[in-house]
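What follows is the residue order along each chain.
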Amino acid sequence: RSSDVRTLIAGVIPHAGVGHTYPLAQSTSPLVPALYANLCAFVLDYVARQKMAGTHLTYGYFTQLPVLPPGSYDKDCPWDSNQRLDNWITSRVLELSYTTYDMTAFAADHGDKGPPFRWNEQRRFQLRAELDAAYFHLYGLPRDDVNYVMDTFRAFRHNGPDRFTRTKNAILETYDAMADALHTGEPYRTVLNPPPGHGPRHPPHATR
């Protein structure tokens, strides 16, 4: 619908019942965080919007989405050769999604044994910007196309113009910093301190 800010809204959830219009995907792959980040990216949402003719993202639409194949992640991070791409993405996805003890099993499956991360809106904003900028690069979009794709999210722009402008600018700034890293060979440096995957956490559960 023209009033919807996003078309493809994905989530990692604990074991729970869902409605029949909520497609579920289950996997034991270590790349689930990367798939999740891909599904949440603005670049894929843009494609989903071109395919949609109704108000429900059914399996028919879902299976047509140009999701990056698993082999895309089995390499060094293009803008930081000191890390593998899958690890770069996973550290950010875990800090964004592992904010409750209900998600402990998901975090443990992907190498995080600590307590959940605290919800920090400022960190979350930057983590999302880094992931969106990364996927614009992984899909090979030049900067002008990134600018265009973001401007097509009209409901987002109209419903929250300040938030939209801040989001777009953060993605473009991060995209540019990654582009510089690709050009110079100097690793991209996050502005977050501590770095992604090392943010503040809740205290451990007390043991009896």
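Shown above is the structure to which this text applies.
Counting of residues starts from 1 at the beginning of each chain's written sequence and follows it residue by residue. Residues qualify for local features only when their pLDDT is at least 70, as the model is predicted, and side-chain atom pairs are given and counted only at 80 or more; totals for whole chains, interfaces and linings, by contrast, use all residues. Note: side-chain values were computed over all heavy atoms of the structure, leaving out hydrogens and water.

Draft legend 1. Empty space enclosed by the protein, seen in detail. Cavity: a set of points on a 1 Å grid over the protein atoms alone where a 1.4 Å probe fits but cannot get out. Pocket: an open set with protein on both sides within 12 Å along at least five of seven lines, its lining residues, like those of a cavity, having an atom within 4 Å of a point. Grid points are joined across faces, edges and corners, and a volume is the space filled by probe spheres set on the points. Inspection of every chain in the model, using the stated rule, returns one cavity of 30 Å³ or more. What the largest cavity holds in volume is close to 30 Å³. If you go around the largest cavity, the residues you meet are E95, R118, N120, R123, R124 and L127. Per-element tally for the lining of the largest cavity: the top contributor is helix 6 (residues 121-138), with three residues. Among the residues forming the lining of the largest cavity, the class breakdown is one nonpolar, one polar and four charged. A run of H or I in DSSP counts as a helix once it spans at least four residues, and a run of E counts as a strand once it spans at least two, with each numbered from the N terminus. Here the term charged refers only to Asp, Glu, Lys and Arg, the term nonpolar to Ala, Val, Leu, Ile, Met, Phe, Trp, Tyr, Cys and Pro, and the term polar to all other amino acids, Gly among them.

Draft legend 2. Representation of the pattern of salt bridges in the model. Should a side-chain nitrogen of Lys or Arg be within 4 Å of a carboxyl oxygen of Asp or Glu, the pair is scored as a salt bridge. With the rule as written, the count across this model stands at nine salt bridges. With its nearest N and O atoms 2.6 Å apart, the salt bridge here joins E95 to R123. Of the two residues, E95 sits in helix 4 (residues 85-97) while R123 sits in helix 6, which places them 28 residues apart along the sequence. Only protein chains enter the accessibility calculation, which uses a 1.4 Å probe. A residue is then buried if its area is under 20% of the maximum for its type, exposed if over 50%, and partly exposed in between. Overall, E95 belongs to the buried group, its relative accessible area being 4%. Classification of R123 as buried rests on a relative accessible area of 6%. Overlapping salt bridges bring together D74, R84 and D86 as one network.

Draft legend 3. Up close: the environment of Q64. Considering the arrangement of structural elements, one finds Q64 in the loop between helix 3 (59-62) and strand 1 (76-77). Sequence separation between Q64 and K51 is 13 residues, and the spatial gap between their C-alpha atoms is 8.4 Å.

Draft legend 4. Focus on unusual backbone geometry. Here the amide bond leading from N193 into P194 is cis, since omega sits at 5°, within 30 degrees of zero. As for its placement among the helices and strands, P194 is situated in the segment after helix 9 (161-184).

Draft legend 5. Quick peek at the side chain of R123. Each polar contact in these results corresponds to two N or O atoms within 3.5 Å; when the atoms are within protein, one needs to be able to donate a hydrogen and the other to accept it, and residues that are neighboring in sequence are counted only if both atoms are side-chain atoms. A polar side-chain atom of R123 sits 2.7 Å from the main-chain carbonyl oxygen of P194. Contact criterion: two residues are considered in contact whenever any of their non-hydrogen atoms come within 4.5 Å of each other. Not counting residues up to four positions away in its chain, the partners in contact with R123 are E95, L192, N193, P194, P195, P196, H198, G199 and P200.

Draft legend 6. View of helix 9. Any helix carries an expected span of 1.5 Å times its number of residues minus one. Across its 24 residues, helix 9 extends 34 Å between first and last C-alpha, which sits within 8% of the 34 Å expected from 1.5 Å per residue. Along helix 9, the residues that are buried comprise F164, T167, K168, A170, I171, L172, T174, Y175, M178 and A181. Contact partners of the buried residues in helix 9: helix 2 (42-51), helix 4, helix 6, helix 7 (143-151) and helix 8 (154-159). Note on helix 9: the residue one or two positions beyond its end, G185, has a positive phi of about 85°.

In short, the description is geometric, and any link to function would need to be established separately.
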